[in-house]
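Close look at the chain arrangement
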There are 2 protein chains.
Amino acid sequence: MTKHYLLTPGPVPVPPEIALKEALPVFHHRTGEFAAVYRDIAKGLKYIFQTENEVYALASSGTGAMEATVANLLSPGDRIIVASCGIFGCRWIEIAQEYGMEVVSVSVEWGKAVKPAEIEKALRENPDVKAVYTTFVETSTGVANDIKTIGEIVSKTNAVLVVDAISGLVGQEFRADEWKVDATVSASQKGFMLAPGLAFIMLSGKAWKLVENSKLPKFYFDVRKYKKFYALSETPFTPPITLIVALQESIRLIREKGLENIWNECGLLAKAARSGMKALGLELFGEVPCEVVTSALVPVEIGVEIVETLREKYGVSIAGGQGDLKGKIIRFAHMGYIGKADLLVGFTCLEMVLIELGMKIEKGKAAAAVEKVLLKAM
Amino acid sequence: MTKHYLLTPGPVPVPPEIALKEALPVFHHRTGEFAAVYRDIAKGLKYIFQTENEVYALASSGTGAMEATVANLLSPGDRIIVASCGIFGCRWIEIAQEYGMEVVSVSVEWGKAVKPAEIEKALRENPDVKAVYTTFVETSTGVANDIKTIGEIVSKTNAVLVVDAISGLVGQEFRADEWKVDATVSASQKGFMLAPGLAFIMLSGKAWKLVENSKLPKFYFDVRKYKKFYALSETPFTPPITLIVALQESIRLIREKGLENIWNECGLLAKAARSGMKALGLELFGEVPCEVVTSALVPVEIGVEIVETLREKYGVSIAGGQGDLKGKIIRFAHMGYIGKADLLVGFTCLEMVLIELGMKIEKGKAAAAVEKVLLKAM
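Sequence positions are assigned chain by chain, starting from 1 and proceeding in written order. Chains and ligands are labelled by the order in which they are written, letters from A for the one and numbers from 1 for the other. With the structure being a predicted model, the display of local features is reserved for residues of pLDDT at least 70 and the display and counting of side-chain atom pairs for 80 or more, all residues being used for whole-chain, interface and lining totals.

The next point concerns the sheet that holds strand E5 (residues 131-135) of chain A. Residues and elements named next belong to chain A. Between any two strands, at least two bridges found by DSSP are needed for them to pair. What counts as a helix is a DSSP run of H or I of at least four residues, what counts as a strand is a run of E of at least two, and both are numbered from the N terminus. Spatially, E2-E10-E9-E8-E5-E3-E4 is the arrangement adopted by the seven strands of the open sheet, whose pairing is mixed. Since the sheet does not close on itself, it has two edges, and those belong to strand E2 (55-59) and strand E4 (102-105), each with one partner. Strand-to-strand twist across the sheet, computed as the mean angle between neighbouring axes with direction ignored, equals 20 degrees. Note on contacts: residues are paired as contacts if their backbone-placed C-beta atoms lie within 7 Å. Between the N-to-C directions of two axes lies an angle of 0 to 180 degrees, each axis being a line fitted to C-alpha atoms and, for a helix, fitted only over the stretch in contact. Each of strand E3 (79-83), E4, E5 and strand E8 (160-164) touches helix H4 (residues 87-98); the most contacted strand, E3, lies at about 165 degrees to it.

Written out as structure tokens, the structure is:
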């Protein structure tokens, strides 16, 4: 009977309108009924990615779509640049090395944002690189990278720009075409407000040229298969039908509210969350904080305990740090179906936990700080 | 308001008890709550595969798990035997060739069952083969292969036996360990009675020896990652949480009924379905008919129309033929949440459609034939 509040940066809560769609009877995927749904989501995905390119839905976690951009765009021994600033940026390096790529790393310390000027320099010094891989919102640190500027730089070269927009898409302004992004991947359990299990991949014309020459083995993630079936409003393999039907509802809700309004709301929640963290005496983490999750440094002695106590005593799930940041930071999500009231639930309970764990905080301070930001915008 | 009856060999209908689980709120996957669910399904999957080996759940269609057995067990240039008898058997060849394997094909004509003696001969003539890939139930034709005999043969060699049990598992007797199967893959949308989106992979100790020496690139499907996280009751990547929770319920229902009882019931339904087809004047297709789907030859002039009319006029979905069998056969599933009454719905409506399309059939004949078999067993 514990009431749960999911405030982690993926999965995020699924609105009941969407959740109920997941419980609808399944139907066969080689039918006009499925094709109609697929056509509708194909259109919606273009809107959400802000692109004229085709976007394919894959039955997979986001990592599968990341791997697809390596396996489909490159050939053994190709050189690529990876601009990473956290765990998910490093994942690009791991995948690329597994496939035998030569990686030019322009990575920065976790907590910093990647430096467009460093990418520009690396591209000048390595004119043969096929692609630049980077991350839009680095979930592990809460940092957003300047994809627009990076897109400007990469578009002047022969390289393609591949962006992991798994966490940032929908919640924070992202414009694939205008920003000259050639490949974008995302997943269902963040801004889309869906259960995990669906991933997305978008490829530009420039990226498709690389696909044609790619010599890495792939089958399930072969984008040429998805393209071929896309033309028929189908998928090459049995799709996760309930998630696809739920995606149609998710897209409907996103369209109804409008991307700009969602971006603005996440921005407001981010501002309020940052203010809440400061009121709790916690230092914000991340050079360029993103708008879908807020990270703050916590005393290492209680870092892990904060997250566990919040979940056990109050049913509130936030995330701790991952990898080298374990126990050092907490991460509080505010995207998708997380609203103003959830923010207050999270911050008031967090305040109680910090007090219980020995921090000297005046009761009500976090709420006051969050309320102040929210009220100013009402 | 059309009432739908899903009688296709995947997806199959999802019982409401399971469907509602898919609509439950998502929760975070790096928690004790998820670990408890994962431990429970880990135990249940061993029961369902009839194995002591670990079984991993992947966010993917079944084909992803098939690819995983190639990418994880083999190295470039390895020789393998593929014993195929339909579209899904041929998929093994396609995947293997994509990864640069040398394929010794002991394929048979679609509609026939693979010949264990041919596999034995091929193994003798090619003592260097690393693995034999085959299919348990070939969904595209409705044929079941004799995995027990094949397992006996392969186990005497250095090769491992890899079996696609996507369609047959749960519905038809399958015993991974007793039959000496080294790698089995399956998926959620057949006997498990779940929505599509989850795949499974089981590996024996003999198969793990190959994994250690495999030199093909893989990341998302790297079984070593799944093994490592399995020990923590976690998955390496965000799991499709709603499907995992639904799987727990599916396993509970399967355990409650008991595998042997499910196998017997599918066997009975298969017998009734074969009798129904014959009563309609249709010749059964498939040398060794399986127990989860029944295929029959239909007049090619109306082959496609039968399936479409059934769906449009009566809301009944069965499958037609795929590939070279398009328009030539129909396939009627009877596994999972498809019961005796559904069989009667399907056959009576099929009879009406065949009559409408010009076949001379005495009304009620199909029902009589199906009822006769069912009543005898009551």
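Here the focus is the environment of Lys372(A). With respect to the element layout, Lys372(A) can be found in helix H13 (residues 365-377). For Lys372(A) and Thr31(A), which are 341 residues apart along the polypeptide, the C-alpha to C-alpha distance reads 53 Å.

This brings us to the relation of the copies chain B and chain A. Alignment of the copies relies on least squares applied to C-alpha atoms, considering only residues that score at least 70 for pLDDT in both. By a simple turn and slide, chain B fits onto chain A: the slide is 0.0 Å along the axis, the RMSD is 0.0 Å, and the turn is 180 degrees. Those values place the two copies in the arrangement expected of a two-fold rotation axis.

On to the confidence of the model for chain A, then. Low pLDDT marks stretches whose predicted atomic positions should not be read closely. Summarising the model, chain A shows a mean pLDDT of 97, and 100% of its residues fall at 70 or more. In the predicted complex, the global pTM is 0.97; the interface-specific ipTM is 0.96. Within a predicted model, pLDDT stands for the predictor's per-residue confidence, ranging from 0 to 100.

So, on to the domain arrangement of chain A. Often the size quoted for an interface is simply the accessible area lost on bringing the parts together. All names here are of chain A. Where each domain begins and ends is defined by an automated method or by a domain database. You can read the domains of chain A as domain 1 (5-10 + 258-377) and domain 2 (16-256). One C-alpha centre belongs to domain 1, the other to domain 2, and the line joining them spans 28 Å. Where the side of domain 1 that touches domain 2 is concerned, the elements lending two or more residues are helix H10 (259-279) and strand E11 (293-297). Among the elements that make up the side of domain 1 that touches domain 2, the one with the highest residue count is H10 (four residues).

A few words on the interface of chain B and chain A. Taken together, the contact pairs 45 residues of chain B with 45 residues of chain A. Gly counts as polar in this scheme, as do all residues outside two lists: the nonpolar Ala, Val, Leu, Ile, Met, Phe, Trp, Tyr, Cys and Pro, and the charged Asp, Glu, Lys and Arg. Its residues assigned to classes, the side of chain B that touches chain A shows 24 nonpolar, 15 polar and six charged.

Further remarks concern the nonpolar core. Note on definitions: a nonpolar core is a set of buried residues drawn from Ala, Val, Leu, Ile, Met, Phe, Trp, Tyr and Cys, linked by C-beta atoms within 7 Å. Here a residue counts as buried when 20 or more other C-beta atoms sit within 10 Å of its C-beta, as exposed when there are 12 or fewer, and as partly exposed otherwise, the C-beta atoms being derived from the backbone. Among the nonpolar cores identified, the biggest contains 264 residues, and Phe200(A), Ile201(A), Phe200(B) and Ile201(B) are the most heavily contacted of them. Here Ile201(B) is in contact with Tyr56(B), Leu58(B), Ala65(B), Ala68(B), Thr69(B), Val185(B) and Val223(B), once residues within four sequence places are set aside.

In this section: helix H11 (residues 303-314) of chain B. Side chains three or four residues apart in an α-helix point the same way, a direct result of the helix having 3.6 residues per turn. All names here are of chain B. The length a helix should cover is 1.5 Å for every residue beyond the first. Its twelve residues give H11 an end-to-end C-alpha distance of 17 Å, which sits within 8% of 16 Å, the value for a rise of 1.5 Å per residue. Buried within H11 we find Ile306, Val307, Leu310 and Arg311. For H11, the buried positions fall inside an angular range of 120 degrees around the axis, keeping them on one side. On the buried face of H11, the contacting elements are strand E12 (316-317), strand E13 (319-320), strand E14 (329-333) and helix H12 (340-356). Positioned one or two residues after H11, Gly315 has a phi angle of 70 degrees, which is positive. Throughout, the arc means the angular range of directions from the helix axis out to the C-beta atoms.

Residue and element names in this part refer to chain A. Taken N-terminus to C-terminus, the directions of helix H2 (residues 32-49) and helix H9 (residues 241-257) make an angle of 45 degrees; their axes are 9 Å apart at the nearest point. Taken together, the axes of H2 and H9 lie oblique to each other. In the packing of H2 onto H9, the handedness of the crossing is left-handed. Between H2 and H9, the residues in contact are Val37, Asp40, Ile41, Gly44, Tyr47 and Ile48 and Ile244, Val245, Leu247, Gln248, Ile251, Ile254 and Arg255, respectively. The class makeup of the residues in the contact of H2 with H9 is nine nonpolar, two polar and two charged. The labels follow the angle: roughly parallel below 35 degrees, roughly antiparallel above 145, roughly perpendicular from 65 to 115, and oblique for the rest. By convention, the crossing between two helices is left-handed when the near helix turns anticlockwise from the far helix through less than a right angle, and right-handed when the turn is clockwise.

Attention now moves to the sheet that holds E13(B). Residue and element names in this part refer to chain B. Taking strand neighbours across the sheet as the criterion, the three strands line up as E11-E14-E13 in an open arrangement whose pairing is antiparallel. Here the strands that pair on one side only, and so sit at the sheet edges, are strand E11 (293-297) and E13. Of the strand pairs in this sheet, E11 and E14 are connected by five bridges, and their pairing is antiparallel. Counted as the bridge partner of Ser295 is Arg331 from E14.

Once that is clear, we can look at the environment of Thr242(A). Looking at the secondary structure, you find Thr242(A) in helix H9. Considered as a pair, Thr242(A) and Val26(A) are 216 residues apart in the sequence and their alpha carbons are 6.4 Å apart. Leaving out residues up to four positions away in the same chain, Thr242(A) has contacts with Glu22(A), Leu24(A), Val26(A), Glu22(B) and Ala195(B).

This next bit is on the packing of H10(A) against H13(A). Residues and elements named next belong to chain A. In the contact formed by H10 and H13, the axes pass within 8 Å of each other and the chain directions differ by 155 degrees. Accordingly, the angle class assigned to the pair H10 and H13 is roughly antiparallel. For the pair H10 and H13, the crossing hand works out as right-handed. Of the residues in H13, those touching H10 at Leu268, Lys271, Ala272, Ser275, Gly276, Lys278 and Ala279 are Lys365, Ala366, Ala368, Ala369, Val370, Lys372, Val373, Leu374 and Ala377. In terms of residue class, the contact of H10 with H13 is built from ten nonpolar, two polar and four charged.

Note the cis peptide between Gly10(A) and Pro11(A), where omega equals 0 degrees. By the element assignment, Pro11(A) lies in the loop between strand E1 (5-6) and helix H1 (16-22). The phi dihedral of Gln50(B) is positive, around 55 degrees, even though this residue is not glycine. Inspection of the secondary structure puts Gln50(B) in the loop between helix H2 (32-49) and strand E2 (55-59). One non-glycine residue, Met193(B), adopts positive backbone phi at about 60 degrees. Relative to the elements of secondary structure, Met193(B) occurs in the loop between strand E9 (183-187) and strand E10 (198-203). Here Met193(B) falls in the buried class, since 28 other C-beta atoms lie within 10 Å of it.

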